[in-house]
Structure formats: structure tokens, C-alpha cells
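Okay, here's what each chain looks like letter by letter:
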Amino acid sequence: MPIFSELEADQLDTIEKIVRHHHYQAGETLFSAADALDQLMIVANGQVKVYQLAANGREQLLYLLQTGDIDGEAALFENQQRTSFAEALVPTDVCSIRREDFQALMQQYPSISIKVLNVFGKRLTQLERQTTSTATESVEARLANYLTETAAALKTDTFKLPIKKKDLATFLGTTPETISRKLTLFEQQGLITQQAGKVIKINDADQLLLTE
């Protein structure tokens, strides 16, 4: 788990004792609104959409969690309730740490708590950079990153898009029409092949990531 990558071996052994492992199939719910927000969740592998339901019952995408992303940091320090829903878009492995376990860990091993908090700080910096890149990177670059990350999560170069184009457009800050145009452009460049049923085949991942 990237969030603990800077801890030493003996500290990682201690962390492992309080980590719970979960596997979700595509379409399974990880959490729902009004559930207790009482654990830190780390996506070890996979892809998760987090959304809210509007008054008319329609989904409103909030964000996607990819491999290495964390969710629910506030759960480690205060009692809250979930206000959103999370659904696995592909087979997903999740690691979680309960609030009481983490707090006990901090009391028993102050050095671990300091290092973990430092990692949280770096994570916030990364999120700030990600926000900046969303504002400055081209749609092509953001779409290319999404496609390669999805392929990595599924461990295959050929996959069905696990998310609707309108939700993908929301995630990438663009329109469904633009997504369709960019996919066609990638195909014309020989970077991907589009197949029936929203299936994408990545022909050249390295070159795709060079898209600007």
C-alpha cells in the first residue's frame, strides 16, 4: 500500500496486524450513505466510483478511486457518517484500518503515528498537484491516464469501459461528446482499437501516455 511505503519493516509488520483485507466484485457496494465512517480505506487494486443520489434518484459522480488511493482519512480522528455511496467498477481489493485500532497504534507507537501523519501530508500535496494537473493537462492526457490505469487495474490491455461515458466525462472535466471524439482520435493514431460494447484495446500504452 503506497501510503505506508516509507515505514520500516518492523513498523509495517505492526500495521499488517491491524489491516483488514476485502475483495469486491464489479458492481458490489463498498459503503452507503448513513453508514458509519469509522475506518480508513485504501484501494490496493481496482477502481471504485463514489457518488451521491440526487432528489430524483439519479447518480451524481463525486470522484473515482484508483489503485493506491485512500478514502475516509477523517474516520481515524473523529466520528462521522458517510454521505455518499461507493461501488466497485472492476474487481477490487481494499485494505481498511478501523479507527480504534489506528488510535491504539498511535498511543503504543508514537513513531509510527508521526510517520503515517507525514505520509498523509504528502498525500494531500499529491492531491493538490492532481487538482492542478486536472486544470492544466489536456483532455487527451487525462483520458490516456484513465485508460492506462484501468488496464493496469484489470491486468489486461483489452477491457470494457467500467464507467458510463457521461460519468467519465464528469471525472475528466469534459463532455461525453469530447470523450467520444478523443477515443476516435486515439484509434486513428493507432494507439487503441474500439470494439463493440464499449470495449477498448490499448495497442501502445507507452505512446498513449505521451499524449499531450
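Residues numbered from 1 in each chain as written. Predicted model: local features only at pLDDT ≥ 70, side-chain atom pairs only at ≥ 80, totals over all residues. Heavy atoms only, no water.

Named according to an unreviewed UniProt entry, the chain is Transcription regulator originating from Lactiplantibacillus fabifermentans DSM 21115.

(A) View of the UniProt feature "domain: HTH crp-type" (unreviewed entry) in the chain. The UniProt record annotates "domain: HTH crp-type" (unreviewed entry) at residues 137-206. Note that residues 137-206 is 56% helix and 16% strand, and that its end C-alpha atoms are spaced 17 Å apart. (UniProt positions renumbered as here; feature names shortened; annotations may be inferred. Helix = DSSP H or I, 4+ residues; strand = E, 2+ residues; numbered from the N terminus.)

(B) Structural detail: a positive patch on the surface. A cluster of like positive charges, contributed by Arg-58, Lys-160, Lys-164 and Lys-198, occupies part of the molecular surface. Summarising the element assignment, Lys-164 is placed in the loop between strand 11 (158-160) and helix 5 (165-172). (Patch = residues over 30% accessible without salt bridge, like charges linked within 9 Å, V, L, I, M, F, W, Y side chains within 5 Å. Areas by Shrake-Rupley, 256 points an atom, 1.4 Å probe, with all protein chains shown as cover. Salt bridge = Lys/Arg side-chain N within 4 Å of Asp/Glu carboxyl O. Lys, Arg positive; Asp, Glu negative; His and termini not counted. Charge placed at Lys NZ, Arg CZ, Asp CG, Glu CD.)

(C) Geometry of the nonpolar core. Leu-143, Leu-147, Leu-183, Phe-186, Ile-192 and Leu-208 are the most contacted members of the largest nonpolar core, which has 23 residues in total. Lining this core are residues from two domains, each supplying at least three of them: domain 1 (2-133) and domain 2 (139-210). Dropping the residues within four chain positions of it, Phe-186 is found in contact with Glu-140, Leu-143, Ala-144, Leu-147, Leu-191, Ile-192, Leu-208 and Thr-211. Ile-15, Cys-95, Phe-102 and Phe-120 belong to the second largest nonpolar core, which has 16 residues in total. (Core = buried A, V, L, I, M, F, W, Y, C linked by side-chain atoms within 4.5 Å. Buried < 20%, exposed > 50% of the residue type's maximum accessible area, 1.4 Å probe, protein only. Domains from an automatic or database assignment. Contact = heavy atoms within 4.5 Å.)

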